[in-house]
Every structure is written in C-alpha cells, then in structure tokens.
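Examining the three-dimensional arrangement
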Amino acid sequence: MTYSIDEKISLEELVAVSRDHEKVEISQDAYARINHSRKIVERLLSSDRAMYGINTGFGAMATVSISPDEINELQSNLVRSHSVGVGPVLDEESVRAMMLLRAVSLSKGYSGVRVAVVKQIADFLNKNITPVVPSQGSVGASGDLAPLAHVALAMMGEGEVFYKGKIVNAKEALDLEGIKPLRYEAKEGLALTNGTQAMTAVMAISLYDAKILFENALITSAISIDALKGSTTPFDPRIHELRPYEGQKYVAAKILEYMEGSEIRASHINCSKVQDAYSLRATPQVLGAVKDSLDYVEKILSVEMNSVTDNPLIFENDVLSGGNFHGEPIALVADFFAIAISELGNITERRIDRLVNPLVSGLPPFLAEGKVGLNSGLMMWQYTAASLVSENKVLSHPASVDSIPTSAYQEDHVSMGTTAAMKAKRVFENTSKIIAIEGMIGSKAVRVHRPLKTGKKLEPVVDLINSKIKDVKGDHYMKEEFDEILKIVKSQNMRGMIE
C-alpha cells in the first residue's frame, strides 16, 4: 500500500510507514501548496525586508544580515553546525517516523521549501535509506534541532545512514540508489531543522505499542484475578456508573467479559472472603485511569503529528516568526504517559507478588514444582518485576519541569520534550516486561486449579503462554521462554485470539 503525504496522517499510517516500510507519495494537492509557498519566499527575497533565518543569522545572531549571494550557503552551514547529536542512535523506525512527520508538516505549504526537499524525504523512505540520528542533544525548544539536522545532513549526502543492514556514508547510499544530494536554498535548512518531529515520532510509536500492551494487560490482569480466586463483584457495572469515567467503565466490563464462564470463579462463589486486595479489587479504577491518560496523550499527539511546527512561517504576504517549534505540549504528555504506564506496571507487580507469595496466594509457594526449598520456582521473577517497577519510578520524574537557557538567553525556556519522550519509551519497555511476567506466572497459576478452567475467553491465551514454558519438573533457565511470552504480550495477536 502507498500512503499519500498530504494534510493529515493517523497513528496507524505512521507506524505502517515507519515500521512496516510501506511506500509514500506526495499528493497533487501537496505539490500545489508547496510550490505556492515557495513562490512567496522567492518573491519576498527580492525585497529588502529582513526575514529571520532566510536572510539573517539564527538564534542570538538573528540581527546579522546575510547577503543574497550567501543565502544558500547559510542553509547548508546551518545543517552542518546543528548536527551535534551524541549518544546511542535512535532506532530506524523512529527516524523514519521523524522523516514522515517532517514531510507532512512541510507539505502543508507554510514552510517555503521546494518540492525537491519533500521528494528527497519520500525517496529516502521508499528506498529504505535511514539517517543515523544520535538520541541525545535536543532541548526541545527550537524544536528538535540536532536530531532533525542529522536527517537534513544525510539528505545533503553527508553524515551516515542505515542502508541494507549496515551503517554507511550517506553519499555512498545515495549513489547506489541514484539519488542526487540536495543543495539547500533559502529557508530550507531552517525548515528542516525547526520542528518537534523527533519527540513526536518517539512518542507516537510508544503510544501505538502501549495501546496494544494495555489491552493485553487487561487479559493478564483477568488471568491473575481468577488464579487468585478474586471476586467479580468489584467489576459490577452498577459500581462504575456511580463514578462514570470512561476508562474505568471500559476496564470493568472487559474483566467481567474475560472471566465469564470461569469454573474457578464458580468454585468459590459463596466463600467467606469479604473483599479482595486493592491490586485485584481496584483494577478498574487504576487501569481505567491509565486508559483515560493514554486517550488524552493520543489526542495531543494527533494534533502535533498534523501541525506545522517550524519557524518562521510563510503566509501570503507575510513571514511570521513565532514559537510553534516549542515542544511543551509533547513534553507534558510524554511525562504523563510515563507516569501512567509506570502505574500500570506498579499495580501489576503487586499481583505478581500475590501469585507467588505463599502468605496470601492460596497457591503452592512460589509455584515451585517438586521439593520446595530445593526448587525456588518463580520466586525470582517477582524480584525482576520489583526492579523494573522501581526503575520506572525514577524514570517517571518529569523532564518537562526542567528548563535551561540556550543561544545567549535568546532561547531562554526549553521543553526537554525529547528527553521526556526517550524516558517514556524506556518506561514502556520496562512495563512490557512486567506484563509478560504476570502473563507467565498467572497462566501457570491458573493451571494449579485443574481440572477447573478459567474464563472461556482466557483459556486460549493461557494455553498459548503455557505452551511456551518447557514441561520440565523443577527449576530451569527460562530466558527463551520469557522472550517468547514478551513477544506475545506486545502483539496484537494476543487480543485477537479472544475477540
């Protein structure tokens, strides 16, 4: 399938291009808008008016005039001087997402670039040439200057790119694909480097994956609740109509749906236990708040993905300098995302503990097989979950409350949005592992109740997860098994099995 670079892109389309390498093309409407915007820039260049970053210097050097014969050199110099990223490189799909989002922004016709610039991005995407972009160096205020500069640098045939499984010189990859390096003209280097596309790309992919993980976490939650002989009373819709948060109602309904037909539940329906622990009973309230948070993050990201965020902006008879490149909206929701996903992991770890804790589980100690003591069973997996939860707590400290001035106090408030996004991604990865641990332990615990079965919709998932665990009596090394279960809880196929 080929996706059109036009006025709007969805989360699903972004992932299809960045992860699944779907092709892109520039729509005819986008061509017209880009050309019209470029003609305005060229017309204004013939005037004597000062236009930031077009015939002036940048940042604190905005008062320096640039002569007409140096305007193009200014743009190439900007890209080279701003390519100062350091540290681990971003994964290829994040960079591809950055490029696509930049193309979408430029295609709206307010950036004043030539069609050749947007076409170069499309060619990179379609030919699977991905610039090498270091993950550190953006303060997220004039946008993601350093990360975006590394993309623009590769489009000039400089720097490095991922190409056919290797890191090579950008010029080499361009030559092999028959693509000419770009030589930037007025406004173009600035248009490519001013924007929030690095932080937005990282967050968009993390959100897409988190939405899948969240749905799968509802399944592992239901498995654990049933394995621990939890009551279904806390999920009664009458309770949730009295506090009608959409997420809370959604989670309660899903847990009830998944536990329907459970023989384990039926076996203790009239037991003497009055109330379950909060990690079981308050699952709708906690996970519902997580869902509402993710929905809000998606709302903000959908706006940002389809916005024009460079500076200055080109209107019919005006070049207007503003602050659309400031990453505060994404910085705040990245921190919000990290906190919400951290809480998803937090409550999950409490259920993991209850599953292996002989003081409260009602199950064999640590689900050990054979001689307890000689075999530790799944005891240490709770330690791992606890470690990940504690790391998430540190990572959930907000980056958006920090600011540090740059460019001789001209850029005196910054968002730290890319730092927030990178932290949020790490919290997501940690929480994915926590959910996988719950799926593994909960599925094993459910089978302790044999011949009783869990909910009809949960049975296929329990069978799938347990099929990944070796049928070995006693302790054994479980890395390969865990890696397989981690793939399951991060996959859309897990939910697809029961719906």
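See the structure printed just above.
A quick note: this is a predicted structure, and the numbers were derived from the prediction, not measured.

Let's talk about the overall build of the protein
- Per the secondary structure count, the protein includes 20 helices and nine strands.
- C-alpha atoms of the protein, sized along the principal axes, occupy 85 × 50 × 40 Å.
- When burial is assessed residue by residue, the protein has 56% of its 499 residues classed as buried.
- A sequence separation of at least 24 residues applies to 79% of the contacts in the protein between residues at least 6 apart.
- Entry remark: accessible area of the protein is about 21100 Å², with carbon and sulfur atoms responsible for 54%.

Digging into the packing of aromatic side chains
- Scanning all chains against the criterion turns up three aromatic pairs.
- With centroids separated by 5.5 Å and ring planes inclined at 55 degrees, the aromatic side chains of Y110 and F315 adopt a geometry described as tilted. Of this pair, Y110 sits in the loop between helix 4 (92-106) and helix 5 (115-126) while F315 is found in the loop between strand 8 (313-314) and strand 9 (319-320), placing the two residues 205 residues apart along the sequence.
- Taking relative accessible area as the criterion, F315 reaches 32% and is therefore assigned partly exposed.
- Centre to centre, the rings of W381 and F482 are 5.0 Å apart; their planes meet at 25 degrees, and the pair counts as stacked. Linking W381 in helix 16 (residues 379-395) with F482 in helix 19 (residues 479-489), this pair joins segments that are 101 residues apart in sequence.
- Note on W381: relative accessible area 17%, which makes it buried.
- On the accessibility criterion, F482 (10% relative accessible area) is buried.
- The ring centre of Y250 lies 4.8 Å from the NZ or CZ of K291, which sits over that ring.

Overview of the nonpolar core
- Core analysis: the largest hydrophobic core is formed by 137 residues, its most contacted members being L100, M155, M203, F337 and I441.
- Counting residues per element, this core draws most heavily on helix 9 (residues 197-227), at 20 residues.
- When near neighbours in sequence (up to four residues on either side) are disregarded, L100 contacts I5, I9, L14, V17, V24 and L125.
- Membership of the second largest hydrophobic core comes to eleven residues, among which are L44, I71, A186 and I314.

Reading the values: the criteria
Residues numbered from 1 in each chain as written. Predicted model: local features only at pLDDT ≥ 70, side-chain atom pairs only at ≥ 80, totals over all residues. Heavy atoms only, no water. Helix = DSSP H or I, 4+ residues; strand = E, 2+ residues; numbered from the N terminus. Buried < 20%, exposed > 50% of the residue type's maximum accessible area, 1.4 Å probe, protein only. Contact = heavy atoms within 4.5 Å. Areas by Shrake-Rupley, 256 points an atom, 1.4 Å probe, with all protein chains shown as cover. Phe/Tyr/Trp six-rings, centres within 6.5 Å; stacked < 30°, edge-to-face > 60°. Lys NZ or Arg CZ within 6 Å of the ring centre and 35° of its normal. Core = buried A, V, L, I, M, F, W, Y, C linked by side-chain atoms within 4.5 Å.

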